[in-house]
Amino acid sequence: MSNNNYYELAEHLAEKFKETFESVNKYGIKKGVDEKGIDDFVEHCARLTIASAVVTSPISIAGVPVDIAHTIFQQIRVTLAVIYYKTGTYNPSFRGFLNIFAMSLGVEMGTTVAARAAHQLVIACMIKVLPQILGRTTVFRLIPIASVAVVGTANYLFIKGIGNTLKNINMGDELREVA
């Protein structure tokens, strides 16, 4: 795959990421955190990733993209939930959200990130996170019963870890709109 193809893929994924962010029921997340508390909400999201593993593991390798997409969706929900929990803001700007989301992955976005923020985040995810997800899912999907346990546990621990990481991040000015 050429660099141009990687760039096009990253652009496509960045657009899908932004569409997903915009389509998430942010008020529903606020309501869930208010009713359950942040820890139970994160636990609920983590358990949903186990369900994803149960559903996609029998599909074998073909289920990997669906499992990854669902895990990232839950990561978005957990990020929004912790942002609300810590700041009272349940509908942050996309750029502010990206700053916090990137911090949860250990990716420094900086304060001068311009319109290419989503693209840069997708590239960072492709470099830092996707190899870990693919590594844990692809090998074990060859063994159907083990894959449910391993992939489900890995997904669960990943989402719980993201929740814990986000709760310990000082969000300070990270949610402000970046010019």
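Residues numbered from 1 in each chain as written. Predicted model: local features only at pLDDT ≥ 70, side-chain atom pairs only at ≥ 80, totals over all residues. Heavy atoms only, no water.

A. Quick look at the confidence of the model for the chain. Across the chain, the average pLDDT comes to 75, with 63% of residues at 70 or higher. Mean pLDDT values over the elements of the chain span from 54, in helix α7 (residues 130-138), up to 96, in helix α2 (residues 26-36). The model gives residues 110-115 a pLDDT under 50, and that stretch makes nine contacts with residues more than four places away or in other chains. (pLDDT = per-residue confidence, 0-100. Helix = DSSP H or I, 4+ residues; strand = E, 2+ residues; numbered from the N terminus. Contact = heavy atoms within 4.5 Å.)

B. Geometry of α2. Of all the positions in α2, only Lys26, Ile29, Lys30, Gly32 and Val33 are classed as buried. The buried residues of α2 occupy an angular sector of 165° when projected down its axis, which confines them to one face. Measuring from the side-chain oxygen of the N-cap residue of α2 to the backbone nitrogen of Tyr27 gives 3.3 Å; that N-cap residue is Asn25. (Buried < 20%, exposed > 50% of the residue type's maximum accessible area, 1.4 Å probe, protein only. Arc of directions from axis to C-beta. Polar contact = N/O pair within 3.5 Å; in protein donor to acceptor, adjacent residues only side chain to side chain.)

C. Main features of the nonpolar core. Membership of the largest hydrophobic core comes to 30 residues, with the highest contact counts inside it found for Val78 and Phe97. Mapped by element, the contributors of at least two residues to this core are α1 (3-23), α2, α3 (38-56), α4 (64-87), α5 (94-104) and α8 (144-167). Here this core gets seven residues from one element, more than from any other, and that element is α4. Dropping the residues within four chain positions of it, Val78 is found in contact with Val42, Cys45, Ile159, Ile162, Gly163 and Leu166. (Core = buried A, V, L, I, M, F, W, Y, C linked by side-chain atoms within 4.5 Å.)

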